[in-house]
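# Observations on the three-dimensional arrangement
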Amino acid sequence: MQFLVLGGNFRYELEKLCLTFLPFEKLEFLDDLLMINPQKNRMVAIIKECNGELSLSVELKIDMFSEKRENKLNAGSSKTDIERALAVMLFDCFFKVTNYRSPWGILTGVRPAKLMGRLINTLGKEKAVNYFKNELLVSDKKTNLCLDTYISEEHIIEKSKADSFSLYVSIPFCPSRCAYCSFVSHSVDGAKKLIPQYVDLLIKEIKYTAEIVNTLGLKLLTVYIGGGTPTTLSAEQLTLIMNTIKDSFDLSNILEYTVEAGRPDTVTKEKLVAIKTGGATRISINPQTMNDDVLEKIGRWHTAKQMKEAFLLAREVGFDNINTDLIAGLEGDNLDSFKASVDEIIALNPENVTVHSLSMKRASNLSKLNYQFLAKEGQEAAGMVDYALNKLTMAGIYPYYMYRQSKTIGNLENVGYSKVGYEGLYNVYIMDETHSIIGCGASAVTKLREPNGNNIERIFNFKYPYEFISNFSEMLERKKGITEFYDKYPVD
């Protein structure tokens, strides 16, 4: 698609909005009307000033469809107001062409609840809600969801102090690669020989990292061992890693300790006992769907029956805080089968349920499908997430955090639900950027947040296990950046 904006620097939001409706469209940026090819798809926005007025026009052409909108603003209008007016015009053009009205309107940000909070703090609750609905064109349902999650997140954020941090440990191995996945992970078949050396070096990194944060006097609030699928490791390897965390860090301030046991086909009683004994207070057992046909299509090797067995086994071992994940919009799924999945999950009585909307990344197999318009799929996925919201809330499992991703089917959101008192704290801290997240392992990112401030710096570990192993000394050297950061921005 050809993309041209004349008369001002208003490209960012219009570009994001185009990719909301056409997530895999390659944009060709132009700087002159003469460069337009009338045969190609295009988005053209023009801003002209004349006699104290701004004349705005937006034209959208996709295949045989063409729409144009015009508007006028005062010449003294702010950049924000001009950009919003252009976005509203483009949004209406897309609605007419695709027959799909995104429930998030022109809002394209990752953290809508955070925006809601800022608006409440400056405008007050009523004006903030009205701004979402009337200026950003966000639907009533999504506005209310935003408000609910903002209120819940605020209570969780208040638990964090200036010297708090969270620890993330990456286990980038999986039994197989799911069709929708874009995480840096390796199937066990292809990387099994790397696992022993990876675990040995990960333990060294954990110890080294603990020395740094202990010297700085930081207090560990939450631990999250994720991946990949941590339970691809043996019970003995899980015990080694968790004992290292226990022996290296001061866990007296811990509020939550999560381990992902995401793939039911990797769950055994021996591993669950190792995780429980190691100190975990929360685990995830994730079906993504309870439809066996869909599971097969997306490349997961377990069945719905195995998921239920793994869940009940975790209860038997003593876990009283279990999260389960579902994904709306998976290939082969439909509204009726998704409803059945939600109902089956509720029957298990989990403390947490996370409902993701399918995000088709370039790195995933599904992104290779030739989707141009996601209206049909988006409308069906919207029905799925609405059903999940209604049924989970009725079951006493309420939304507590939310975020959005690019290239998400229907431009929908990901929502974490929980029973009261079982909210996933780490999820909120990492999404809100509340405090520093210290990462260990391949593909982990250390995100350092200034105490009592907003400056953020990142330290990247090497992505792949073989890089992690080959460049281990260099990676440890990078960790010294944690000390340098807190020298610049001390806790006191």
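### Brief notes about the overall build of the chain
- Per the secondary structure count, the chain includes 17 helices and 18 strands.
- In terms of overall dimensions, the chain is globule-like: its C-alpha atoms have a radius of gyration of 24 Å, near the 23 Å expected for 492 residues.
- Along the longest, intermediate and shortest principal axes, the C-alpha atoms of the chain span 75 × 55 × 45 Å.
- For the chain, the share of sequence-separated contacts (at least 6 apart) that also reach a separation of at least 24 residues comes to 72%.
- Carbon and sulfur atoms provide 49% of the accessible area of the chain, an area that totals close to 21,300 Å².
- For the chain, the separation between the mean place of its 58 positive charges and that of its 62 negative charges on side chains is 2 Å.

### Quick word on empty space enclosed by the protein
- The tally for this structure, following the rule as stated, stands at three cavities of 30 Å³ or more.
- Considering only enclosed or pocket space, the second largest cavity measures out at about 70 Å³ in volume.
- Considering the residues around the second largest cavity, the lining is formed by Arg111, Ala113, Lys114, Glu153, Met402, Val428, Met431 and Asp432.
- Elements supplying a minimum of two residues to the lining of the second largest cavity: α3 (112–123) and α14 (425–432).
- Broken down by element, the lining of the second largest cavity gets its largest block of residues, three residues, from α14.
- Its residues assigned to classes, the lining of the second largest cavity shows four nonpolar, no polar and four charged.

### Section: the pattern of salt bridges
- For the structure on display, the rule yields 25 salt bridges.
- We note a salt bridge from Lys40 to Glu28, for which the minimum N-O separation is 3.3 Å. Here Lys40 is found in the loop between β2 (28–30) and β3 (42–50), whereas its partner Glu28 is found in strand β2, with 12 residues between them in sequence.
- One salt bridge in this structure joins Lys142 and Glu413, with 2.7 Å as the shortest N-O distance. You can see Lys142 sitting in helix α5 (residues 140–157) and its partner Glu413 sitting in strand β15 (residues 413–418), a full 271 residues away along the chain. The pair Lys142 / Glu413 is uniform in exposure class, with both members buried.
- Sharing partners across several salt bridges, the network here consists of Arg111, Glu433, Lys447 and Arg458.

### Focus on the pairing of strand β16 (residues 436–440)
- For β16, the buried fraction is high: five of the five residues fall into the buried class.
- Residues Ser436, Ile438 and Cys440 of β16 are buried on one face, and the alternating residues Ile437 and Gly439, pointing to the opposite face, are buried as well.
- In this sheet, β16 lies alongside strand β6 (residues 164–171) in parallel orientation, the contact comprising five bridges. Bridge assignment links Ser166 to a residue of β16, and that residue is Ile437.

### Notes on the confidence of the model for the chain
- Looking at the chain, the pLDDT average stands at 92 and 94% of residues meet or exceed 70.
- Overall, residues 363–373 carries pLDDT values under 50, and its contacts beyond four positions in sequence, including any with other chains, amount to 26 contacts.

### Quick notes on the layout of surface pockets
- Here the second largest pocket defines a volume of roughly 920 Å³.
- Broken down by secondary-structure element, the contributors of at least two residues to the lining of the second largest pocket are α1 (11–21), α2 (79–98) and α3.
- No other element matches the seven residues that α1 contributes to the lining of the second largest pocket.
- When grouped by side-chain class, the residues that make up the lining of the second largest pocket number 12 nonpolar, eight polar and 11 charged.

### Some points on α2
- For α2, spanning 20 residues, the distance from its first C-alpha to its last is 28 Å, which sits close to the expected 28 Å at 1.5 Å a residue.
- Directly beyond the C-terminal end of α2, a positive phi value near 60° is found at Asn99.

What counts as what
- Residues numbered from 1 in each chain as written.
- Predicted model: local features only at pLDDT ≥ 70, side-chain atom pairs only at ≥ 80, totals over all residues.
- Heavy atoms only, no water.
- Helix = DSSP H or I, 4+ residues; strand = E, 2+ residues; numbered from the N terminus.
- Rg over C-alpha atoms; globule rule 2.2 N^0.38 Å.
- Contact = heavy atoms within 4.5 Å.
- Areas by Shrake-Rupley, 256 points an atom, 1.4 Å probe, with all protein chains shown as cover.
- Lys, Arg positive; Asp, Glu negative; His and termini not counted.
- Charge placed at Lys NZ, Arg CZ, Asp CG, Glu CD.
- 1 Å grid on protein atoms, 1.4 Å probe; cavity = no way out; pocket = protein on both sides within 12 Å on 5 of 7 lines; lining within 4 Å.
- Points joined across faces, edges and corners; volume = space filled by probe spheres on them.
- Nonpolar A, V, L, I, M, F, W, Y, C, P; charged D, E, K, R; others polar.
- Salt bridge = Lys/Arg side-chain N within 4 Å of Asp/Glu carboxyl O.
- Buried < 20%, exposed > 50% of the residue type's maximum accessible area, 1.4 Å probe, protein only.
- Pairing = 2+ DSSP bridges.
- pLDDT = per-residue confidence, 0-100.
- Expected span 1.5 Å × (residues − 1).

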